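# Report on the structure
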Amino acid sequence: MPVNRNALIRYKTIDNCLRNPYRRWTLEDLIDACSDALYEFEGIDKGISRRTVQMDIQVMRSEKLGYNAPIEVYDKKYYGYSDPEYSITNSQLTGQDLKIMSEAVSLLKQFKGFSYFSDMTDIVSRLEDRVTSAQSKSTLVIDFEKNENAQGLEHLDSIFHAIVDRQTLSISYQSFKAYKAYDVVFYPYLLKEYRNRWFVFGVQKKDGRIYNLALDRIKSIKPAVDEPFVENTLFDIATFFDDCIGVTKNLGSKTETIKFWVSVVDKPYIVTKPFHKSQRMVTENEDGSAVFELEVVINSELQRDLFAYSEGLRVLSPNWFSAQMKHKLQKALDLYL
């Protein structure tokens, strides 16, 4: 049962009133208290109806929110708790509460590495611990993909603010192929995550070309205060990655039609988890195998995805791409000779 903010304010107000042992509360008293609370916290000055508070008391008494509040009426006029130690704030978490809290924890943990989140780290850890403790009697049923050892997250915040503030960056970067780090003046435009790695897309001053820099290869980063920021006029961030898999794409990269055969064994996996949204089946053979097509930019990420089905997938065209796949598979085979 979803509960809005105003209802929660009323429940908490009624709870506070009924916990006060030094005063007896009529329905009119509770209406006044709830009206005052809504005005104080939400600026609502129109008051609330008698029926609203009566329904609130009914909900608090019920199991709908897991309160089961022991609210009784004394002398046919006054409301109070039969258990003086009771409070809705002491109620056990319901299944719905745990579900919402779990979803909140999963969402908040995605912002690890940002400075505006640093003050909340302890809060989220405590929340996660509370949810885990409450769920300890049950077994794990969902295991999200994660990389606890991901590197480069310490740069997320600096790059994020640089993009928002249009700040040029001076980056010391060392790719996996480079023998040593080198310095670049970089105009950052977009942060993107792919398979638990973060990348920043932007333009290097030296050649005006688009680059994607892996955050785990950044050695150091600082504002280039003397370098004016150059606005992005080269690509549309919202659509730039629509025609590719992963993060490897250059300005001007063209899509190609990739046709590939898939065995009957692997076909169900390809059908239920397409490589790309452009994928379509063009031929289904009598033996159960099939031929598919993709309209994408050919890059290393596409190759890796295709290689995952190497014994049940064969690239048919374009010819150069088929030859390249064959060459790489032959080199892989040579490793076992």
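Scroll up a little and you will see the structure.
## Section: the side chain of Gln279
Here Gln279 shows up in the loop between helix 8 (267–272) and strand 9 (280–284). Side-chain polar atoms of Gln279 contact the backbone oxygen of Ile270, separated by 2.9 Å. Residue contacts for Gln279: discarding those within four places in its chain leaves Phe260, Ile270, Pro274, Phe292, Glu293 and Leu294.

## Considering the sheet that holds strand 7 (residues 218–223)
Across the sheet, which stays open at both edges, the 5 strands sit in the order 6-5-4-3-7 with antiparallel pairing between neighbours. Two strands bound the open sheet, and with one partner strand each, they are strand 6 (210–214) and strand 7. Ignoring strand direction, the axes of neighbouring strands in this sheet form an average angle of 45 degrees. In the sheet, strand 3 (residues 169–173) pairs with strand 7 via 5 bridges, with the strands oriented antiparallel. Looking across to strand 7, one finds that Tyr173 is bridged to Ile218. Relative to strand 4 (residues 182–194), helix 7 (residues 156–165) is tilted by about 95 degrees, and along the sheet it contacts strand 3, strand 4, strand 5 (197–204) and strand 7.

## Description of the pattern of salt bridges
Summed over the entire model, instances satisfying the criterion amount to 13 salt bridges. The residue Asp56 makes a salt bridge to Arg10 at a minimum N-O spacing of 2.5 Å. Highlighted residues: Asp56 in helix 3 (residues 50–61) and Arg10 in helix 1 (residues 5–18), separated in sequence by 46 residues. Here Asp56 falls in the buried class, since its relative accessible area comes to 3%. Arg10 gets classed as buried once you look at its relative accessible area, which sits at 13%. A single salt-bridge network, built from bridges that share partners, covers Lys259, Arg280 and Glu293.

## Considerations on the environment of Val264
Mapped onto the fold, Val264 is located in the loop between strand 8 (256–262) and helix 8. When the C-alpha atoms of Val264 and Leu313 are compared, they prove to be 10.0 Å apart, with 49 residues separating the residues in sequence. Excluding residues that lie within four positions of it along the chain, Val264 makes contacts with Asp287, Gly288 and Ser289.

## Quick notes on the packing of helix 2 (residues 27–42) against helix 3
In contact at an axis separation of 10 Å, helix 2 and helix 3 are set at 100 degrees when each is read in the N-to-C sense. What the angle tells us is that helix 2 and helix 3 run roughly perpendicular. Together, Leu27, Glu28, Leu30 and Ile31 of helix 2 and Arg50, Val53, Gln54 and Ile57 of helix 3 make up the contact between the two elements. Per-class residue counts for the contact of helix 2 with helix 3 are 5 nonpolar, 1 polar and 2 charged.

## Re the nonpolar core
In terms of nonpolar packing, the biggest core is built from 49 residues, with Ile171, Ile258, Phe260, Phe275 and Leu302 touching the most fellow members. Looking at this core, the element that brings in the most residues is strand 4, giving 7 residues. Ile258 has contacts with Phe292, Glu293, Leu294, Val296, Ile298, Leu302, Val315, Ser317, Pro318 and Phe321, leaving out every residue within four places of it along the chain.

## Examining the pairing of strand 1 (residues 71–74)
Relative to strand 2 (residues 78–81), strand 1 runs antiparallel, the two sharing 4 bridges. In the sheet register, Glu72 faces strand 2, and the bridge partner there is Gly80. Between the antiparallel neighbours strand 1 and strand 2 lie 3 residues, among them Asp75 with a positive phi of about 55 degrees.

## A short note on helix 7
For an α-helix the count is 3.6 residues per turn, leaving residues at separations of three or four pointing the same way. Restricting attention to buried positions, one finds in helix 7 the residues Leu156, Asp157, Ile159 and Ala162. Following helix 7 by one or two positions, Arg166 has its phi on the positive side, about 55 degrees.

Definitions and cut-offs
Residues numbered from 1 in each chain as written. Predicted model: local features only at pLDDT ≥ 70, side-chain atom pairs only at ≥ 80, totals over all residues. Heavy atoms only, no water. Helix = DSSP H or I, 4+ residues; strand = E, 2+ residues; numbered from the N terminus. Polar contact = N/O pair within 3.5 Å; in protein donor to acceptor, adjacent residues only side chain to side chain. Contact = heavy atoms within 4.5 Å. Pairing = 2+ DSSP bridges. Axes fitted to C-alpha atoms, helices over the stretch in contact; angles between N-to-C directions. Salt bridge = Lys/Arg side-chain N within 4 Å of Asp/Glu carboxyl O. Buried < 20%, exposed > 50% of the residue type's maximum accessible area, 1.4 Å probe, protein only. Parallel < 35°, antiparallel > 145°, perpendicular 65-115°, else oblique. Nonpolar A, V, L, I, M, F, W, Y, C, P; charged D, E, K, R; others polar. Core = buried A, V, L, I, M, F, W, Y, C linked by side-chain atoms within 4.5 Å.

By themselves, these are just geometric observations and shouldn't be taken as functional.
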